[in-house]
Amino acid sequence: RKGITSDADGLADTEDRARFATRSIPTYVGLRDVSEDNRMNSFATYAACTFAAVASGCGLGWEKEVYRREPAAMVAQAVAQDAVTVGWVLPLTLACTWGIHRGSKTARMVRLGCLAYFAYTYVLACTLLSRNELFLLYVAAYSTASFALWGELQQVNASRCKKFFTAKGRWSASKLLQKAVAAYELLISIGTGMAWLKEEITMLSGLDGSFLSQQSTTALPVQAFDLGIIIPLHLFGAIQLLRGKQVGFLIASVFLGLSSTLFVAIASMAFLMHRRGVEPHEDKAYIVLPCIASVGVLLTVCWFNGKTKSKKEV
């Protein structure tokens, strides 16, 4: 080893040597060391927030110009989602990003749900809304959010994620809460699937009154995403959570983060549609959806509440 030295050789004492030897150990419990990737994910998150803020702000400020080709029901839904994005999801995402920089593992898991909200919302805006001046902003928002979401998922260790949520001092360690979250996932998944299948069967039967037959678009991107990806994924996650599997805890965490944002937006859509007098046959949704959103927010708060007593436990 003559002529070969290392940074540690110049350290004066044992304490400095120990500090040098352990300085690269990951600091996020349940997650890998993300010193470089975290910068990229944070940059993509800030970019997605910026694009979403501009797009939603323009939708709220110039509603008649931006959504001029949409029917009244679609305008009400778009405006409600823009309001929730600006007033709730953007501040929550930025707060989680700030918490991540301070070493919060809970903030990282919640931000996964926020990024899923941006990706889901703006890919649907690209395919569901009629072409408008904000199309490129929608593309930029969902692409940067998808990049950040993928980067975050690459850093999650499912086994340590389970240990983190089942550690002493966390409410999520309760079997009762785990069953409640799994039941909520199953209820939402099965209920949404049955609603879309009912509408599709009604439309194929040629009967009047189908909600899908009254839409301005000939495509059904929401139903395609829900029936093809979202619902099967949540059903799988709920079953795995009931079985105590690692992936079940990961999917439940993302699902709850998504539910605390997306379901609030859906409830706001129903409320604004009711206020504007469009889709009068949706009066039940005006009552049911806010209740579902409230339950989702409550379960989210309970799931992410509590503190791990010791990092060694996870």
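Residues numbered from 1 in each chain as written. Predicted model: local features only at pLDDT ≥ 70, side-chain atom pairs only at ≥ 80, totals over all residues. Heavy atoms only, no water.

> I would appreciate a short explanation of the overall build of the protein chain in the present structure.
Counting secondary structure elements, the protein chain contains eleven helices and zero strands. The linear arrangement of helices and strands in the protein chain, starting from the amino end, is α-α-α-α-α-α-α-α-α-α-α. Here the protein chain, with 314 residues, has 46% of them falling under the buried criterion. Once local pairs closer than 6 in sequence are excluded, the contacts in the protein chain between residues at least 24 apart make up 75%. (Helix = DSSP H or I, 4+ residues; strand = E, 2+ residues; numbered from the N terminus. Buried < 20%, exposed > 50% of the residue type's maximum accessible area, 1.4 Å probe, protein only. Contact = heavy atoms within 4.5 Å.)

> Would you mind going over the nonpolar core with me for this structure?
General note: in soluble globular proteins, nonpolar side chains tend to be found buried as a group. Counting 76 residues, the largest nonpolar core has Y67, F118, Y122, Y138, F165 and W303 as the members making the most contacts within it. No other element matches the 16 residues that helix α5 (residues 105-128) contributes to this core. (Core = buried A, V, L, I, M, F, W, Y, C linked by side-chain atoms within 4.5 Å.)

> Is there a simple way to think about the confidence of the model for the protein chain in this case?
Predicted coordinates in areas of low pLDDT are best not read in detail. Summarising the model, the protein chain shows a mean pLDDT of 82, and 80% of its residues fall at 70 or more. A low-confidence stretch, residues 4-8 stays under pLDDT 50, and its non-local contacts, those more than four residues away or across chains, total five contacts. (pLDDT = per-residue confidence, 0-100.)

> Quick question: what am I supposed to make of the environment of F164 here?
Secondary-structure assignment places F164 in helix α7 (residues 158-165). For the pair F164 and T106, spaced 58 residues apart in sequence, the C-alpha separation works out to 9.5 Å.

> Would you mind showing me how to read helix α6 (residues 135-154) here?
Because each turn of an α-helix spans 3.6 residues, side chains separated by three or four positions end up pointing in the same direction. The end-to-end C-alpha separation of α6 is 29 Å, in line with the 28 Å expected for 20 residues at 1.5 Å each. Among the residues making up α6, those that are buried are Y138, A140, A141, T144, A145, A148, L149, G151 and E152. (Expected span 1.5 Å × (residues − 1).)

> Help me understand the packing of aromatic side chains, please; the structure alone is not making it clear to me.
For the coordinates displayed, the defined rule picks out nine aromatic pairs. Counting every residue linked through ring pairs, the aromatic cluster contains F164, F165, F249, W303 and F304. (Phe/Tyr/Trp six-rings, centres within 6.5 Å; stacked < 30°, edge-to-face > 60°.)

> What is the right way to look at the environment of A148 in this model?
Note that A148 resides in helix α6. The class of A148 is buried, set by a relative accessible area of 0%. Distance in space between the C-alpha atoms of A148 and A44 is 5.4 Å, their sequence separation being 104 residues. Beyond its immediate stretch of four places on either side in the chain, A148 contacts N41, A44, T45 and L115.

> How should I be thinking about the packing of α5 against α6 in this particular structure?
What describes two packed helices is the angle between their axes and the distance between those same axes. At a closest axis distance of 8 Å, the pairing of α5 and α6 adopts a crossing angle of 150°. In terms of axis orientation, α5 runs roughly antiparallel to α6. Crossing angle aside, the handedness with which α5 passes α6 is left-handed. Together, R108, R111, L112, L115, A116, F118, A119, Y122, V123, A125 and C126 of α5 and F135, Y138, V139, A141, Y142, A145, S146, A148, L149, E152 and L153 of α6 make up the contact between the two elements. Looking at side-chain class alone, the contact of α5 with α6 contains 18 nonpolar, one polar and three charged residues. (Axes fitted to C-alpha atoms, helices over the stretch in contact; angles between N-to-C directions. Parallel < 35°, antiparallel > 145°, perpendicular 65-115°, else oblique. Left-handed = near helix turned anticlockwise from the far one by under 90°. Nonpolar A, V, L, I, M, F, W, Y, C, P; charged D, E, K, R; others polar.)

> What exactly am I supposed to notice about α7 here?
Residues of α7 that are buried include every one of C161, F164 and F165, and no others. The buried side chains of α7 occupy one side of the element, clustering within an arc of 90° when seen end-on. Of the residues that open α7, the one with a side-chain oxygen 3.2 Å from the backbone nitrogen of R160 is N157. (Arc of directions from axis to C-beta. Polar contact = N/O pair within 3.5 Å; in protein donor to acceptor, adjacent residues only side chain to side chain.)

> Sorry if this is basic, but what is going on with the pattern of salt bridges here?
A pair can form between side chains of opposite charge whenever their charged atoms are brought close. In total, this model carries four salt bridges according to the counting rule given. Here R276 ties to E63 by a salt bridge, and the two come within 2.9 Å at their closest N and O atoms. In this pair, R276 is assigned in helix α10 (residues 246-276) and E63 in helix α3 (residues 63-66), connecting sequence segments 213 residues apart. Residue classification places R276 among the partly exposed positions, given a relative accessible area of 39%. Residue classification places E63 among the partly exposed residues on the basis of a relative accessible area of 22%. (Salt bridge = Lys/Arg side-chain N within 4 Å of Asp/Glu carboxyl O.)

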